[in-house]
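Structure assessment
Here is what each chain is made of, one letter per residue.
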Amino acid sequence: MKTCLIVDDSKVIRKVARHILETLEFQVEEAGDGREALDRCEAKMPDVVLLDWNMPVMSGMEFLKLLRQRGHSDQPKVVFCTTENDMAHIRAALEAGADEYVMKPFDRETLHIKLQLVGVA
């Protein structure tokens, strides 16, 4: 079973994403900020990370840069999931190592397509 780490400071978004991912047969873990997410990745690397941009403690971009710098051989796919929709944000996310980008609010079909594009669904 594929694993996904949902990283978002919103409990509502984590709950919605968890429900969708579980219907897609993912095993789901959650983190409320980038620091917690980094700790979870160090403990057990997921197949994919669904990552929010704006969070307290450590932002999605900070998390992504640190994750990619560590150079683990089992790097997860990273799908940024955010309300930031201008091209500068999308380009910055992709340049920092994100594999795909999905806008909030998202639905099951949209998320499934993005997960297929990165090769985990």
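Described in the following lines is the structure provided in the data block.

Reading guide: rules and limits
Residues numbered from 1 in each chain as written. Predicted model: local features only at pLDDT ≥ 70, side-chain atom pairs only at ≥ 80, totals over all residues. Heavy atoms only, no water. Pairing = 2+ DSSP bridges. Helix = DSSP H or I, 4+ residues; strand = E, 2+ residues; numbered from the N terminus. Axes fitted to C-alpha atoms, helices over the stretch in contact; angles between N-to-C directions. Buried < 20%, exposed > 50% of the residue type's maximum accessible area, 1.4 Å probe, protein only. Arc of directions from axis to C-beta. Contact = heavy atoms within 4.5 Å. Core = buried A, V, L, I, M, F, W, Y, C linked by side-chain atoms within 4.5 Å. Polar contact = N/O pair within 3.5 Å; in protein donor to acceptor, adjacent residues only side chain to side chain. Lys, Arg positive; Asp, Glu negative; His and termini not counted. Salt bridge = Lys/Arg side-chain N within 4 Å of Asp/Glu carboxyl O.

Let's talk about the sheet that holds strand 2 (residues 27-31)
Reading across from one edge, 2-1-3-4-5 is the order of the 5 strands in this open sheet, with parallel pairing throughout. Every interior strand has two partners, whereas the edge strands, strand 2 and strand 5 (100-103), have only one. Between one strand axis and the next, the sheet turns by 20 degrees as a mean value, whatever way the strands run. Bridge analysis of strand 1 (residues 3-7) against strand 3 (residues 48-51) gives 4 bridges, and the strand direction is parallel.

Focus on helix 4 (residues 87-96)
Residues Ile90, Ala93 and Ala96 constitute the buried set of helix 4. Seen along its axis, helix 4 keeps its buried residues to an arc of 135 degrees; they face one direction. Residues Met87 and Glu95 are exposed on helix 4 and point more than 90 degrees away from its buried face. Buried residues along helix 4 sit against helix 3 (60-69), strand 4 (77-82) and strand 5.

Topic: the nonpolar core
Counting residues in each nonpolar core, the largest one holds 23 residues, and the members touching the most others are Val7, Leu51, Phe63 and Phe80. If you list the elements that add at least two residues to this core, you get strand 1, helix 2 (34-43), strand 3, helix 3, strand 4 and helix 4. If you tally residues by element for this core, the top one is helix 3, at 4 residues. Sequence-distant contacts of leucine 51, that is, excluding residues within four places in its chain, are made with Val7, Gly60, Phe63, Leu64, Val78, Val79, Phe80 and Cys81. Membership of the second largest hydrophobic core comes to 18 residues, among which are Ile20, Leu21, Val28 and Leu115.

Structural notes on the environment of aspartate 99
Relative to the assigned elements, aspartate 99 resides in the loop between helix 4 and strand 5. The exposure class assigned to aspartate 99 is partly exposed, which follows from its relative accessible area of 29%. Expressed as a C-alpha distance, the spacing of aspartate 99 and valine 78, which sit 21 residues apart in the sequence, is 5.3 Å. Sequence-distant contacts of aspartate 99, defined by excluding residues within four places in its chain, comprise Arg68, Pro76, Lys77, Val78, Leu94 and Val118. At a separation of 3.0 Å, a polar atom in the side chain of aspartate 99 contacts the side chain of arginine 68.

As for unusual backbone geometry
Keep in mind that most residues, glycine aside, have a negative phi and that most peptide bonds are trans. In the segment running from lysine 104 into proline 105, the intervening peptide bond is cis, with an omega of -10 degrees. As for its position among the elements, proline 105 is in the loop between strand 5 and helix 5 (108-117). The phi angle at glutamate 25 is positive, at roughly 65 degrees, despite the residue not being glycine. Here glutamate 25 lies in the loop between helix 1 (11-23) and strand 2.

Comments concerning the pairing of strand 2
Bridge count between strand 1 and strand 2: 5 bridges; the pairing is parallel. Each residue of the ladder has a partner; that of cysteine 4, found in strand 2, is valine 28.

Digging into the side chain of aspartate 33
Tracing the backbone through its elements, the reader meets aspartate 33 in the loop between strand 2 and helix 2. Buried aspartate 33, no salt bridge; nearest opposite-charge side chain is arginine 35, N-O distance 6.3 Å. Here arginine 35 takes part through its backbone nitrogen, which lies 2.9 Å from a polar atom of the side chain of aspartate 33. Excluding residues that lie within four positions of it along the chain, aspartate 33 makes contacts with Val7, Met55, Pro56, Val57 and Met58.

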